Amino acid sequence: MVKKTENIIESINKAKQGDETSYTFLLNMFWKDIYRFILNKANDENEAEDVTIRTFAKAFDKIDTFDENYEFKTWLLSIANNLFIDQLRKKKTETISIDKKNSEAYKIKDAEPTPDDLLIIEQNLAQLLAFIKQLKPHYQEIINLRFFQEMSYKEMVIELNEPMSTIKVKLLRAKKLLAEIINSAKS
């Protein structure tokens with residue numbers, strides 16, 4: 001058990017320095033625990049997977065704030081629990097707002113975008129593609145497969161011939177790097 005704890009602490013420290021294999025190790029080590037924890041609360045596999053992915057994304061983004069005096073798994077479970085609660089609150093708010101709008105059901109506007117809307121969408125897409133081209137090729141590929149070709153994680157495993165955990169970590173990193181590129185362009 002001491003050896004396992006030492007490996008985890010070592011991986012956390014390497015992850016703090018940006019080591020991809022450490023992210024993968026931590027994801028593989030704790031994925032099932034976090035997924036099962038959320039699945040027991042949500043009773044929905046898709047929701048459990050979504051919250052688990054967001055848990056690791058948030059944890060990896062904030063890994064510098066992890067206090068080694070606590071268990072890493074406990075820290076992850078607390079992040080997962082908070083994200084799940086936030087999601088429940090959001091659903092509850094959406095349900096309430098939908099009920100209020102029912103009285104205005106006959107005031108529905110045309111869902112088709114106007115020519116102006118289409119032009120804006122096209123310009124935004126071109127700008128997004130330019131930002132994506134600034135990523136390393138393997139990150140470009142994973143973004144393309146997931147968001148433009150709308151592949152599931154299982155399809156990506158087959159396409160890329162890589163383990164699912166590696167694909168998830170790469171996608172998390174790609175999204176984080178893309179967000180940094182977009183934010184720096186806004187500045």
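Residues numbered from 1 in each chain as written. Predicted model: local features only at pLDDT ≥ 70, side-chain atom pairs only at ≥ 80, totals over all residues. Heavy atoms only, no water.

1. Some details on the packing of helix α6 (residues 137–148) against helix α8 (residues 164–186)
We count it as follows: Fitted lines through C-alpha atoms give the axes, limited to the stretch in contact for helices. The angle between two N-to-C directions lies from 0 to 180 degrees. Comment: elements are numbered from the N terminus, with helices defined as DSSP H or I runs of at least four residues and strands as E runs of at least two. Orientation categories follow fixed angle ranges, with anything under 35 degrees roughly parallel, anything over 145 roughly antiparallel, 65 to 115 roughly perpendicular, and all other angles oblique. Note on definitions: a residue-residue contact is assigned when non-hydrogen atoms from the two residues lie within 4.5 Å. Put simply, Ala, Val, Leu, Ile, Met, Phe, Trp, Tyr, Cys and Pro go in the nonpolar bin, Asp, Glu, Lys and Arg in the charged bin, and everything else, Gly too, in the polar bin.
Put simply, α6 and α8 touch, their axes get as near as 9 Å, and they point 100 degrees apart. Judged by the inter-axis angle, α6 sits roughly perpendicular to α8. Contact with α6, carried on its side by H138, Y139, I142, I143, R146 and F147, involves I167, K170, L171, R173, A174, K175, L177 and L178 of α8 and no other residues of that element. Residues that form the contact of α6 with α8 fall into these classes: 9 nonpolar, 1 polar and 4 charged.

2. Quick look at the side chain of R173
Its place among the elements puts R173 in helix α8. Apart from the residues lying within four places of it in its own chain, the contact partners of R173 are E20, Y23 and Y139.

3. Focus on the environment of A179
Quick note on the threshold: Under the scheme applied here, a residue whose accessible area is under 20% of the maximum for its type counts as buried, over 50% as exposed, and between as partly exposed, the area being computed with a 1.4 Å probe on protein chains only.
Note that A179 resides in helix α8. Judged by its relative accessible area of 35%, A179 is partly exposed. Distance in space between the C-alpha atoms of A179 and F131 is 9.3 Å, their sequence separation being 48 residues.

4. Section: the packing of helix α2 (residues 20–42) against helix α3 (residues 45–61)
The cut-off we apply is this: The handedness criterion is simple: a crossing whose near helix is rotated anticlockwise from the far helix by less than a right angle is left-handed, and one whose near helix is rotated clockwise is right-handed.
Two elements in contact, α2 and α3, have axes whose closest approach is 8 Å; the angle formed by their N-to-C orientations is 140 degrees. By the angle between their directions, the pair α2 and α3 is classed as oblique. Every pair of crossing elements has a handedness; the one defined by α2 and α3 is right-handed. Taken together, the residues of α3 that come into contact with α2 (itself represented by Y23, L26, L27, F30, W31, I34, Y35, I38, L39 and A42) are E45, E47, A48, E49, V51, T52, I53, T55, F56 and F60. Considering only residue class, the contact of α2 with α3 consists of 15 nonpolar, 2 polar and 3 charged.

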